[in-house]
Amino acid sequence: KEYYPDLKEPDSRFLEWLIGFSEGEGSFIIAKRGDLSFVVTQSSSDIEVLNYIKDNLGFGRVIKQSIKQNTHRFVIQDFKNLYLICLLFNGNMVFPTRKARFLIFLSTFNERLIRKNLNTIIPLDNCVTPTLEDGWLSGISDGEGSFTCSLLSNSSAFRFRFILTQKWEANKYVFEHILRLLNKHSIEGSVVAHDADNVWELRINGLKNCKGLFIYFDNYNLKSKKKDSYLKWKSLYNRLVNKDHLSNDTRLELINLAKQINKTR
């Protein structure tokens, strides 16, 4: 209200989503020459989600990062808006490792505030535990989630699952907490070690369990191109429940539909 009295305030759902998405795709960067920036990087094919962040915050820039890698960035580098972003993330992050990196950034930013004879931001060294009544899970799923379905052409079997991935064992308890929340809604799953070193996955397997996720994601909508994958995944669920995978006439169609999930182009 003080900085942008004429702009509409971002609503809580967007801010919850943004924190989750940023814990997956964002970075608080201290450059070697001392410049500070908050950056969210995405494929250029998903530039709309970066513009969505810019439009809802009312500040920041969306710029081309790499022609070769076909990526864009949402960037905040000016002092005033970095101050607002630090206030937003301070004490509101979920993953311990992400919070630790942010606190290093905040310490450097506070040093700049002191040099300008301005009041510093008191660091809040705590982590928030997400619920199924906020947008954080939607945000981190936009960043690190995967909706998958695989079918074999020579078998009636299939695998239908949702996977959420994060590195470092210190973050594992967050997945275990989410799984306990899902268990209360009769959604079973597991938290398992990935093949990659120190990477953990929250896995929800099977039609019955994955159906239980629809209520959350239909209420707290995904904002990136992952929403397209979710809708295709949900459509495949209905086809599998109808047993279309058991017919030779429709199984190949389902196989092709499954291959379209997670395609960004």
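Now for a description of the structure that goes with this document. Quick caveat, the model's predicted, so the values are computed rather than measured.

We now examine helix α10 (residues 248-260). Since the α-helix packs 3.6 residues into each turn, any two residues three or four apart lie on the same face. When we look at burial in α10, the residues that qualify are T250, R251, L254, I255 and A258. Each buried residue of α10 lies within a common arc of 150° when the element is viewed along its axis, so the set occupies one face. Facing away from the buried side of α10, by more than 90 degrees, are the exposed residues D249, L252 and K259. Where the residues of α10 are buried, they touch β5 (145-151) and α9 (226-241). One or two steps after α10, the chain reaches N262, where phi turns positive at roughly 70°.

Read from one edge of the open sheet, 4 strands run β1-β2-β4-β3, paired in antiparallel fashion. This sheet does not close on itself; its edge strands, each paired only once, are β1 (26-30) and β3 (61-66). Between one strand axis and the next, the sheet turns by 35° as a mean value, whatever way the strands run. Two elements, β3 and strand β4 (residues 71-76), share 5 bridges in a ladder whose sense is antiparallel.

To continue, consider the state of the cysteines. With the rule as written, the count across this model stands at 0 disulfides. The thiol sulfur of C149 is not disulfide-bonded, and the nearest other cysteine sulfur, from C210, lies at 9.4 Å. According to the relative accessible area criterion, C149 is buried, its value standing at 9%. Classification of C210 as buried rests on a relative accessible area of 0%.

The next thing to look at is the sheet that holds β5. Sheet architecture is open: 4 strands sit in the order β5-β6-β8-β7, paired in antiparallel fashion. Here the strands that pair on one side only, and so sit at the sheet edges, are β5 and β7 (190-193). Each strand axis lies, on average, 30° off the axis of its neighbour in the sheet, ignoring direction. The pairing of strand β6 (residues 158-167) with strand β8 (residues 199-205) spans 7 bridges and is classified as antiparallel. From the neighbouring strand, T165 faces β8, where its bridge partner is E201. Seen against the sheet, α9 touches β5 and β6 and runs at an angle of roughly 35° to β5.

It is worth spelling out unusual backbone geometry at this point. Not every positive phi belongs to a glycine, and N117 is a case in point at roughly 60°. Looking at the secondary structure, you find N117 in the loop between α4 (96-115) and α5 (136-144). By relative accessible area, which is 72% here, N117 ends up exposed. At W168, a position not held by glycine, the phi torsion is positive, near 80°.

Quick notes on the rules
- Residues numbered from 1 in each chain as written.
- Predicted model: local features only at pLDDT ≥ 70, side-chain atom pairs only at ≥ 80, totals over all residues.
- Heavy atoms only, no water.
- Buried < 20%, exposed > 50% of the residue type's maximum accessible area, 1.4 Å probe, protein only.
- Helix = DSSP H or I, 4+ residues; strand = E, 2+ residues; numbered from the N terminus.
- Arc of directions from axis to C-beta.
- Contact = heavy atoms within 4.5 Å.
- Pairing = 2+ DSSP bridges.
- Axes fitted to C-alpha atoms, helices over the stretch in contact; angles between N-to-C directions.
- Disulfide = S-S within 2.5 Å.

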